[in-house]
Number of protein chains: 4
Amino acid sequence: MTQTRWQRLSEWPLTATAVIFLVAYTWEVIGNLSGLSELVAEIVIGVTWAIFALDYLINLVLAPRRWQWFYTHILDLLIVVLPLLRPLRLLRLVTLLAVLQRTAGAAFRGRVVTYVAGAAALLVFVAAVAVLDSERSNADSTITNFGDALWWAFVTVTTVGYGDFAPVTAQGRLIAGGLMLGGVALLGVVTATLASWIVERVARQEEDEQAATRGEIRALGQQIGRLQDTLDSQPSASADRRP
Amino acid sequence: MTQTRWQRLSEWPLTATAVIFLVAYTWEVIGNLSGLSELVAEIVIGVTWAIFALDYLINLVLAPRRWQWFYTHILDLLIVVLPLLRPLRLLRLVTLLAVLQRTAGAAFRGRVVTYVAGAAALLVFVAAVAVLDSERSNADSTITNFGDALWWAFVTVTTVGYGDFAPVTAQGRLIAGGLMLGGVALLGVVTATLASWIVERVARQEEDEQAATRGEIRALGQQIGRLQDTLDSQPSASADRRP
Amino acid sequence: MTQTRWQRLSEWPLTATAVIFLVAYTWEVIGNLSGLSELVAEIVIGVTWAIFALDYLINLVLAPRRWQWFYTHILDLLIVVLPLLRPLRLLRLVTLLAVLQRTAGAAFRGRVVTYVAGAAALLVFVAAVAVLDSERSNADSTITNFGDALWWAFVTVTTVGYGDFAPVTAQGRLIAGGLMLGGVALLGVVTATLASWIVERVARQEEDEQAATRGEIRALGQQIGRLQDTLDSQPSASADRRP
Amino acid sequence: MTQTRWQRLSEWPLTATAVIFLVAYTWEVIGNLSGLSELVAEIVIGVTWAIFALDYLINLVLAPRRWQWFYTHILDLLIVVLPLLRPLRLLRLVTLLAVLQRTAGAAFRGRVVTYVAGAAALLVFVAAVAVLDSERSNADSTITNFGDALWWAFVTVTTVGYGDFAPVTAQGRLIAGGLMLGGVALLGVVTATLASWIVERVARQEEDEQAATRGEIRALGQQIGRLQDTLDSQPSASADRRP
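Residues numbered from 1 in each chain as written. Chains lettered and ligands numbered in written order. Predicted model: local features only at pLDDT ≥ 70, side-chain atom pairs only at ≥ 80, totals over all residues. Heavy atoms only, no water.

With an unreviewed UniProt entry as reference, chain A is termed Two pore domain potassium channel family protein, source organism Cryobacterium frigoriphilum. Word for word, the UniProt comment on chain A under Subcellular location (unreviewed entry) is "Membrane". (UniProt positions renumbered as here; feature names shortened; annotations may be inferred.)

Novice: Got a minute to help me understand the relation of the copies chain D and chain A in this structure?
Specialist: Between the two copies of this chain, the relationship is a rotation about some axis together with a displacement along it. Take chain D, turn it by 90°, move it 0.1 Å along the axis, and it overlays chain A with an RMSD of 0.2 Å. Such values leave the two copies arranged in the relation of a four-fold axis. (Least-squares fit on C-alpha atoms with pLDDT ≥ 70 in both.)

Novice: Can you walk me through the interface of chain B and chain A in this structure?
Specialist: Accessible area lost upon the coming together of the parts serves often as the stated size of an interface. With 32 residues of chain B in contact, the opposing surface of chain A contributes 24 residues. If you sort the residues of chain B by the area they bury against chain A, Phe108, Arg173 and Met180 of chain B come out on top, with a joint share of 31%. For the pair chain B and chain A, the interface holds one salt bridge. The closest approach of N and O atoms between Asp148 of chain A and Arg173 of chain B, which form a salt bridge, is 3.0 Å. At the boundary of chain B and chain A, one finds three residue pairs in polar contact (both at pLDDT 80 or more). Breaking the side of chain B that touches chain A down by element, the ones donating at least two residues are helix H6 (108-135), helix H7 (146-157) and helix H8 (170-232) of chain B. Partitioned by chemical class, the residues of the side of chain B that touches chain A number 18 nonpolar, nine polar and five charged. (Contact = heavy atoms within 4.5 Å. Buried area = accessible area lost by both parts, 1.4 Å probe. Salt bridge = Lys/Arg side-chain N within 4 Å of Asp/Glu carboxyl O. Polar contact = N/O pair within 3.5 Å; in protein donor to acceptor, adjacent residues only side chain to side chain. Helix = DSSP H or I, 4+ residues; strand = E, 2+ residues; numbered from the N terminus. Nonpolar A, V, L, I, M, F, W, Y, C, P; charged D, E, K, R; others polar.)

Novice: Whenever I open this one, the packing of helix H6 (residues 108-135) of chain D against helix H8 (residues 170-232) of chain D confuses me. Can you help?
Specialist: To describe two helices that pack against each other, one gives the angle between their axes and the distance between the axes. Residues and elements named next belong to chain D. One way to put it is that H6 packs onto H8 with a least axis distance of 10 Å and a crossing angle of 165°. By the angle between their directions, the pair H6 and H8 is classed as roughly antiparallel. Handedness of the H6/H8 crossing: left-handed. Each of Arg109, Val112, Val113, Val116, Ala120, Leu123, Val124, Ala127, Ala130, Val131, Ser134 and Glu135 in H6 lies in contact with H8, whose residues at this interface are Gln171, Gly172, Ile175, Leu179, Gly182, Leu186, Val189, Thr193, Ser196, Trp197 and Glu200. (Axes fitted to C-alpha atoms, helices over the stretch in contact; angles between N-to-C directions. Parallel < 35°, antiparallel > 145°, perpendicular 65-115°, else oblique. Left-handed = near helix turned anticlockwise from the far one by under 90°.)

Novice: How do you make sense of the interface of chain D and chain A when you look at a structure like this?
Specialist: Each partner contributes residues to the interface: chain D has 24 residues there, and chain A has 32 residues. Carbon and sulfur atoms make up 72% of the surface buried where chain D meets chain A, a total of about 2,200 Å² over both sides. For chain D, the biggest contributors to the area lost against chain A are Trp151, Tyr162 and Ile198 of chain D; these three give 30% of the whole. Where chain D packs against chain A, one counts one salt bridge. Across the contact surface, chain D and chain A share three residue pairs in polar contact (both at pLDDT 80 or more). Only helix H7 (146-157) and H8 of chain D provide two or more residues apiece to the side of chain D that touches chain A. Sorting elements by how many residues they give to the side of chain D that touches chain A places H8 of chain D first, with twelve residues. Across the side of chain D that touches chain A, the residue classes tally to 14 nonpolar, six polar and four charged.

Novice: Would you explain the UniProt feature "transmembrane region" (unreviewed entry) in chain A in this entry?
Specialist: Mapped onto the present numbering, the UniProt feature "transmembrane region" (unreviewed entry) falls on residues 12-33, 39-62, 112-131, 143-162 and 174-199 of chain A. Summarising residues 39-62 of chain A: 100% helix, 0% strand, and an end-to-end C-alpha distance of 34 Å.

Novice: Help me understand the packing of helix H1 (residues 3-31) of chain B against H6 of chain B, please; the structure alone is not making it clear to me.
Specialist: All names here are of chain B. Closest axis-to-axis distance for the H1/H6 pair is 9 Å, and the angle between their directions is 45°. With respect to H6, the element H1 is oriented oblique. In the packing of H1 onto H6, the handedness of the crossing is left-handed. Touching Leu22, Tyr25, Thr26 and Val29 of H1 are Phe125, Val126, Val129, Ala130, Leu132 and Asp133, all from H6. Considered class by class, the residues forming the contact of H1 with H6 number eight nonpolar, one polar and one charged.

Novice: How should the side chain of Thr156 of chain D be read in this particular structure?
Specialist: For Thr156 of chain D, the position within the fold is in helix H7. Within polar-contact distance, the side chain of Thr156 of chain D engages the backbone oxygen of Trp152 of chain D at 2.8 Å. Ignoring sequence-local partners within four residues, the contact set of Thr156 of chain D consists of Val160 and Tyr162 of chain C together with Ala176, Leu179 and Met180 of chain D.

Novice: Teacher, can you tell me more about the nonpolar core here?
Specialist: Nonpolar side chains in soluble globular proteins generally cluster together in the buried interior. Core analysis: the biggest nonpolar cluster contains 180 residues, and Trp152 of chain A, Trp152 of chain B, Trp152 of chain C together with Trp152 of chain D have the highest contact counts within it. Setting aside chain neighbours within four positions, we find Trp152 of chain A in contact with Ala127, Val131, Ile143, Phe165, Ala166, Pro167, Ala176 and Leu179 of chain A together with Tyr162 of chain D. Judged by nonpolar contacts, the second largest core, of eight residues, contains Leu187 of chain A, Val184 of chain B, Val184 of chain C together with Leu187 of chain D. (Core = buried A, V, L, I, M, F, W, Y, C linked by side-chain atoms within 4.5 Å. Buried < 20%, exposed > 50% of the residue type's maximum accessible area, 1.4 Å probe, protein only.)

Below, the structure is given as structure tokens:
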């Protein structure tokens, strides 16, 4: 089996695994589980981790140029190995956004807006869950429930940054950094899409005005032509006047 | 009666209802009313609510495909049913902005600027009133008078976000979220309009330069033509030279 | 004398008056004057105020349609009458920026950048002075020296907004509002200018590539032409082959 | 030797000096050195300073118009003379970014993205080191370790600005100002690149649609042509029908 074939086959199962991971992770963090529930959630998360690790190994084995693939996918290895980068496993969910995008019709700008709105909502939710997971156990932390975490994530992604809540742990700040970059990109895409739309509308309006001007010139030309015709249909009279 | 006809008929009465609702709501919140005044304000707000509810029901009855309309207008139902979403009834006032826009002349960019300035001012004012309404009764809240609320709304919409005031209730944070999205859109429109203007000005300058170059080439061509004419007007002399 | 002529004549004297006002105002606020120095500064500020008031009256008298001019220049009246809007008298200094702009050469984008950099620097400086003037006398205020005021103004205009310093008086917040709007516009102009530049560079690169392709096609055409010529110069041989 | 030749020869040695300065400076600040280590770091920093000062003097001597060069390179003098502006010596490292840029391929937008990402990462790192150096010795300061300094720099460059950490010394605030300007430029470049990309994609889509329309028109024309041919190939029949 080739690597390309494996990636096509595994795309949807891995997305489903990411969804299961998201549900179990969110349940564990928000529910602040203990006892049996925590064990169940941990087992589900462990299983999804095993699936991601297996996918990484299969890809490594199937890659035509193994070392090159290894070097260009160092981040994939880190996501599998480091528990710190666990939230990044949810990057798989971008596949779902691709579906959302397909249903949004053919217009490019419409798809960009759908994609960005979906990605921003997902980013804010995942960042809130992940920050709560990192911060809750810290004594200095102010982010101690999911409501506050969601509020903090929204204040951060829009780059408002009140500072009433701010992460204090290294892991929480790493997540915050990713969220801020997402916010900068969000602002950029919103502005760029609006700019593209305004530039187009203004250009179209100018074209309309030019077309209108051309139309008027043509109408003027026809009026002159009709005047000429009127003059031509009185040949003798005008000939009489000119000696 | 068809739904379209109803919507055309009801457009201005509903906008007037929204204005009355805004005045009564602002009066109640800023005035921090009690006794008879509070009763009057509550009755006026109740009547405007009844009108919005009636409009929703009539639309539902008149809709050609009732279930489809119901599913695509879930937000309208929530705005009528949930007191939490009460400020969203003021979305009706966008109709007023459409009038403002019409008076701003034909240029597309001019209308965008007028519309955005009006929408931003309305958004800041309504958010300040709504946040004050949500926060004042909370013990932890810092936003306790209208001046502070307006200042907070302005600091938020520009994404500055000092954090000297920040909402602590769920409803206040929901309003803040809407205001932040408005701020991101505001920044986007300002930038996009400026970008469209600069792109156009630069393009026009380059066209002018190209036109100037073309003009110089044409002038050069005419000079050459005149040289040729001068040479041609001395036929015998040049003929003499050539054997 | 017509109003247009008066405005042309008074342009530079009024700009000079604004510069004198700026120097006296800055000296009074930063120096935190008392005694004779304060009296001198107040007299200078009073004289500049009288000049601005006189200019307003002369404009009102000379205006062809007096009431129309009055209604469309309400802000000018408020700037003269209300001490609160005193910093707005410095809007006159924009004339100086126009000179700066003229020296920046013909390129539109270059002039935009010069103008915006100058306006932003002036805005930050004036806002810092004005906020210090408004806030220093208030007991709750944190902005009590010029260094802090300048730092606050810079943090605000870039929309970073730490919140370590924030105005608490109504006048200080009004000034802050103007500064924030300036910051939003600043961000917009920076982005728009960069966007215009990138769009142009990308378009030029594509044109270069298209020109290169066209050049290659032409070269190919010439090669084919030379092949044809070579074939044509051997007429008998080819004629012999074809019966 | 001419100045141009000296600058070409000294470009890479000076960049290497800047790298050594960066390493020594970072080591001294983060390590919070004392005793022998501090002495070594100070000596290395002193040597790199001497090299920069020497380069300034050689440039001054070799400049064709010495006074003009002196006036237009005042900043270079200040960077060498004032210890406060020491971090600005790292501007030399921009040469490294130019190399990074060269490896990023020919596409203009790709190079802009590579350059900006590299410059932003360098800016955040250097600002964190420099702010830590300025703030640590101050009693009121909150930025006392490198982790906090890096977090502060990231929060600032994205213009989020929580305010949990903020510089209090004049030197720290000067560095913060530079970082904020970098943040504004960063936001601008991200948005502008996205805008350029979206404008291009939309334009291409429209061209495709227009090409498709033209294709359909041509196909229609060919169908009509074939109909005509069919009719023409039955000359007698049609001739019979027409008398």
